[in-house]
Amino acid sequence: MMTESNEFLCSPPKKTVRFGGKLTDVLTKYSQGNTQDFELLKHQLSDPEIKDVQIVSWLHELRISVTYLTVDYEQLVSIVLKLPWLNRSKEVVEEYLAFLGNLVSAQTVYLRSCLNMIVSHFVPARVLISDGNVHVSDSEDEDEDIFARFNTCHRALQIIAQYVPSAPRFLMPILVDKFPYVNKSPRILECYIHNLLRITIYFPVLRLEILELAIEKLLKIDVSAPRHDIEDAEENSNMPNGESHATEEALFNMDEDEEPQEGAAADVCDTMAHPAAERLDLSLSVLFAYLKEICFPNGSLDLNKTKDVYKDLLVVFDKLILPTHASCHVQFVMFYICSFKLGLAEAFLEHLWKKLQNPNNPPITRQTAATYIGSFLARAKFIPVVTVKACLDLLMNWLHSYIDNQDAGSRAYCDISFHGPFYATCQAVFYTLIFRHKQLLEGNLRKGLNYLQALNFERLVMCQLNPLKICLPSVVNYFAAITRKYQLVLCYTIIERNNRQMIPVIRSSTGGDSAHTCTNPLDSFFPFDPCVLKRCKKRIDPAYQLWEEANAEELKRPPKPVKETTADDEDDFLKGETPQSDTVVGMTPGSYESYLKSPASSVGSPPIKFLQRPF
């Protein structure tokens, strides 16, 4: 393509009828105070009816006269940069690209203006709109046309970088400034994020900053669309079959192995009723597709590229995702990339573990890290039992060491403000056991029971810190049912005693003396609760462990004798109701109030390395 372009650029432009004479004459007269021809030139270039052949002629003269285009001629350059060149013929496009390269090489003062112009074309000029129940488009552009314009924009950026190697450094602030408002149409956000990520292919130095920018914007959408609001919107949408909000086919399908959806019916099926959820679903799907393409460039995993992008995502996770409470979906970026390789999942667990056990980290950070560990171990199908056991060993050793240190101290009582990381870790262990107990016991029931007994849950449950009082009732009830069934520890006496001791919440700012029971004193949330975004869900579900509601009567039956080791020996725990009649709070509680201001007492972790598997 570049060869064809060069051949074209070397040929003289066609002669056309125009006013003002040659460009050099016009500029010379303007410098001498005669502005008439200069104004005629500006008028002609601004004319919306200007012909392609005229544009090519002027661009050719501008290109060979760029040394004259100092800052004194900024008005003229500004008009040229506003030309609708992307919608013109191939001759106009090629001449314009050549002009941009010559301009920035000779007059770097226009570099930012050129970059601004290019980035402004990263979104469609016109979008699909709805007028009542009638779907109207004010654009006749096809996806192929949009792709072609995007391709040309990226060519332009690469051409500019050839002449000005420092261009990426000036580009990043422009990308931030031009990012569309998060309440713009889903298609605009989808296009812009796609083009952002595409820049990382040829400007890899910008990848970390671009990932950070995209995820920061997606988090803003995520927290504005709580899970229950999305579910309510889906339930309340009464769209008849074949009708839906205005939609278009997914703009980008980077996976060659993914079969395209058929017709409008697939679009309707994938459309989210909640507007913010639709924006998030489309945009996050683009990010997932990007990760798949980077990590599997030829259909097989490229380990080096995968490790590099994982490291960038981990930096963004620490900076943005981990400190954000109650986000529902953006964190699945880490879940998704970890599903590509077990070594990544183990490295992610080790990273979270270091944050949890480090006493120099804020208590809230440590609590959140524990929450991520428990949710990740419970939900990730790709994590084998041996890794689950290693993590449980590590967590339980830390908890027992914590109890040892508190027994001799003055804080050995139930106090969330001092022991937040401890309680969060207890809940992570309970939650992991709820989801993984069948795998821990299958195969050799006696060996599995011996392993669980060696964890010494009884000491944890009966310690003075009383974790059953702080952890979520739903988690506590399921944990109690499992440990009773396998005679690991009897929790119900402690649960009944705790139920008689109400834990008051901090008084509401609205006033009043009434105190209520706080069913979620840790203000817990489970970051990998099920994804409810329809497009993203298709990528997550193959590696995701779903929650199976349990039959309460099944939990009341004792396990069969140890000598029987078939799959039927195990209780199908998560297929029924919790055995307690108490009200069970949801597994994803609501808003976050950080009232844990005092630093938690902490102990060092045992020097155990459990992630020995190499990438």
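Since we're looking at a predicted model, the values are computed, not measured.

Trainee: Tell me about the overall build of the protein, residues and numbers included.
Mentor: A count of helical and extended segments in the protein gives 27 helices and two strands. Here the protein holds 615 residues, and 53% of them are scored as buried. Considering only intrachain contacts with a sequence separation of at least 6, the fraction spanning at least 24 residues in the protein is 80%. For the protein, the accessible surface area stands at approximately 28,800 Å², while carbon and sulfur atoms represent 50% of it.

Trainee: Got a sec to walk through unusual backbone geometry? Specific residues and values, please.
Mentor: The phi dihedral of Asn-456 is positive, around 60°, even though this residue is not glycine. Here the phi dihedral of Gln-487 falls at roughly 55°; this positive angle occurs in a residue that is not glycine. Within the secondary structure, Gln-487 sits in the loop between helix H24 (473-485) and helix H25 (492-500).

Trainee: Tell me about the nonpolar core, and please be specific about residues and values.
Mentor: Within the largest apolar cluster, 180 residues are counted, with the highest numbers of intra-cluster contacts made by Leu-69, Leu-175, Ile-199, Phe-335, Phe-376, Phe-422 and Phe-457. Top element by residues in this core is helix H20 (residues 416-441). It accounts for 13 residues. In contact with Leu-69, other than residues within four places in its own chain, are Leu-27, Leu-62, Leu-76, Val-77, Phe-99, Leu-103, Gln-107 and Tyr-110.

Trainee: Mind laying out the packing of aromatic side chains, listing which residues take part and the relevant values?
Mentor: Tallying each qualifying case throughout the model produces 31 aromatic pairs. Between Tyr-202 and Phe-203 the ring centres are 4.7 Å apart and the planes differ by 70°, which places this aromatic pair in the edge-to-face class. Consider the rings of Tyr-431 and Phe-435, whose centres lie 5.0 Å apart with planes at 55°: the pair is tilted. Separated by four residues within a single helix, Tyr-431 and Phe-435 lie in helix H20, roughly one turn from each other. Of the residues examined, Tyr-431 reaches a relative accessible area of 0% and is grouped as buried. When its relative accessible area of 8% is taken as the criterion, Phe-435 is described as buried. An aromatic cluster of three or more residues is present, and its members are Phe-317, Phe-332, Phe-335, Phe-348, Tyr-372, Phe-376, Phe-382, Phe-528 and Tyr-544. A cation over a ring is seen here: Lys-485 above Tyr-486, with NZ or CZ 6.0 Å from the ring centre.

Trainee: Please give an account of the pattern of salt bridges that cites residues and values.
Mentor: Applying the stated criterion across every chain yields a total of 15 salt bridges. The residue Glu-234 makes a salt bridge to Lys-534 at a minimum N-O spacing of 3.1 Å. Of the two residues, Glu-234 sits in helix H12 (residues 227-236) while Lys-534 sits in helix H26 (residues 534-540), which places them 300 residues apart along the sequence. We classify Lys-534 as partly exposed; its relative accessible area is 24%. One salt bridge in this structure joins Lys-538 and Asp-270, with 3.1 Å as the shortest N-O distance. Of this pair, Lys-538 sits in helix H26 while Asp-270 sits in helix H13 (residues 263-270), and the two are 268 residues apart along the sequence. Here the salt bridges share partners, and the residues they tie into one network are Glu-278, Asp-281 and Arg-535.

Trainee: A description of the packing of helix H6 (residues 90-106) against helix H7 (residues 111-119) should follow, citing residues and the corresponding values.
Mentor: One can describe the packing of H6 onto H7 by two numbers: an axis separation of 9 Å at closest approach and a directional angle of 150°. Looking at the two axes, H6 sits roughly antiparallel to H7. Remark: the crossing between H6 and H7 carries left-handed chirality. Packed against H6, whose contacting residues are Tyr-96, Leu-100, Leu-103 and Val-104, the element H7 presents Leu-111, Cys-114, Met-117 and Ile-118 at the interface. Looking at the contact of H6 with H7 residue by residue, the classes come out as eight nonpolar, no polar and no charged.

Trainee: Which residues make up the side chain of His-419, and what are the values?
Mentor: Among the secondary structure elements, His-419 is positioned in helix H20. By relative accessible area, which is 0% here, His-419 ends up buried. Side-chain polar atoms of His-419 contact the side chain of Tyr-402, separated by 2.8 Å.

Trainee: Which residues make up the confidence of the model for the protein, and what are the values?
Mentor: Summing up the model confidence of the protein, the mean pLDDT is 80 and the portion of residues at 70 or higher is 74%. Mean pLDDT across the secondary structure elements of the protein bottoms out at helix H1 (residues 2-10), with 42, and peaks at helix H16 (residues 332-338), with 98. Low pLDDT, under 50, characterises residues 241-265; the stretch is placed with 47 contacts to residues that sit more than four places away or in other chains. With pLDDT under 50 throughout, residues 562-615 is counted as low confidence; its partners more than four residues away or in other chains account for 151 contacts.

Trainee: Can you break down the side chain of Arg-207 residue by residue, with the values?
Mentor: Examined against the element boundaries, Arg-207 turns out to sit in helix H11 (residues 207-223). By relative accessible area, Arg-207 is classed as buried at 16%. At 2.9 Å, the side chain of Arg-207 and the side chain of Asp-312 are in polar contact. Non-local contacts of Arg-207, meaning those with residues more than four positions away in its chain, are made with Thr-200, Tyr-290, Asp-308, Val-309 and Asp-312.

Trainee: Which residues make up the environment of Ala-424, and what are the values?
Mentor: Along the chain, Ala-424 turns up in helix H20. When the C-alpha atoms of Ala-424 and Thr-371 are compared, they prove to be 6.4 Å apart, with 53 residues separating the residues in sequence.

Trainee: Go over the packing of H11 against helix H14 (residues 275-295), please, and point to the residues and values.
Mentor: The N-to-C vectors of H11 and H14 enclose an angle of 155°; their axes lie 9 Å apart at closest approach. With respect to H14, the element H11 is oriented roughly antiparallel. When you trace H11 past H14, the crossing you get is left-handed. Contacts from Arg-207, Leu-211, Ile-215, Leu-218, Ile-221 and Asp-222 of H11 reach H14 at Ala-276, Arg-279, Leu-280, Ser-283, Leu-284, Leu-287 and Tyr-290.

Trainee: Give a description of the environment of Leu-111 that names residues and reports values.
Mentor: Of note, Leu-111 is situated in helix H7. A residue is classified by how much of its surface remains accessible, and Leu-111, at 5% relative accessible area, is buried. Taking the C-alpha atoms as reference points, Leu-111 and Leu-171, separated by 60 residues in sequence, lie 9.3 Å from one another.

Trainee: Give me the environment of Tyr-372: which residues, what numbers.
Mentor: With respect to the helices and strands, Tyr-372 occurs in helix H18 (residues 363-379). Residue contacts for Tyr-372: discarding those within four places in its chain leaves Phe-317, Ile-321, Leu-322, Gln-331, Leu-352, Pro-527 and Phe-528.

Trainee: How would you sum up H6? Please name residues and give values.
Mentor: For H6, which comprises 17 residues, the first-to-last C-alpha distance of 24 Å matches the rise-based estimate of 24 Å (1.5 Å per residue) to within 8%. Burial runs high along H6: 13 of the 17 residues are buried.

Quick notes on the rules
- Residues numbered from 1 in each chain as written.
- Predicted model: local features only at pLDDT ≥ 70, side-chain atom pairs only at ≥ 80, totals over all residues.
- Heavy atoms only, no water.
- Helix = DSSP H or I, 4+ residues; strand = E, 2+ residues; numbered from the N terminus.
- Buried < 20%, exposed > 50% of the residue type's maximum accessible area, 1.4 Å probe, protein only.
- Contact = heavy atoms within 4.5 Å.
- Areas by Shrake-Rupley, 256 points an atom, 1.4 Å probe, with all protein chains shown as cover.
- Core = buried A, V, L, I, M, F, W, Y, C linked by side-chain atoms within 4.5 Å.
- Phe/Tyr/Trp six-rings, centres within 6.5 Å; stacked < 30°, edge-to-face > 60°.
- Lys NZ or Arg CZ within 6 Å of the ring centre and 35° of its normal.
- Salt bridge = Lys/Arg side-chain N within 4 Å of Asp/Glu carboxyl O.
- Axes fitted to C-alpha atoms, helices over the stretch in contact; angles between N-to-C directions.
- Parallel < 35°, antiparallel > 145°, perpendicular 65-115°, else oblique.
- Left-handed = near helix turned anticlockwise from the far one by under 90°.
- Nonpolar A, V, L, I, M, F, W, Y, C, P; charged D, E, K, R; others polar.
- Polar contact = N/O pair within 3.5 Å; in protein donor to acceptor, adjacent residues only side chain to side chain.
- pLDDT = per-residue confidence, 0-100.
- Expected span 1.5 Å × (residues − 1).

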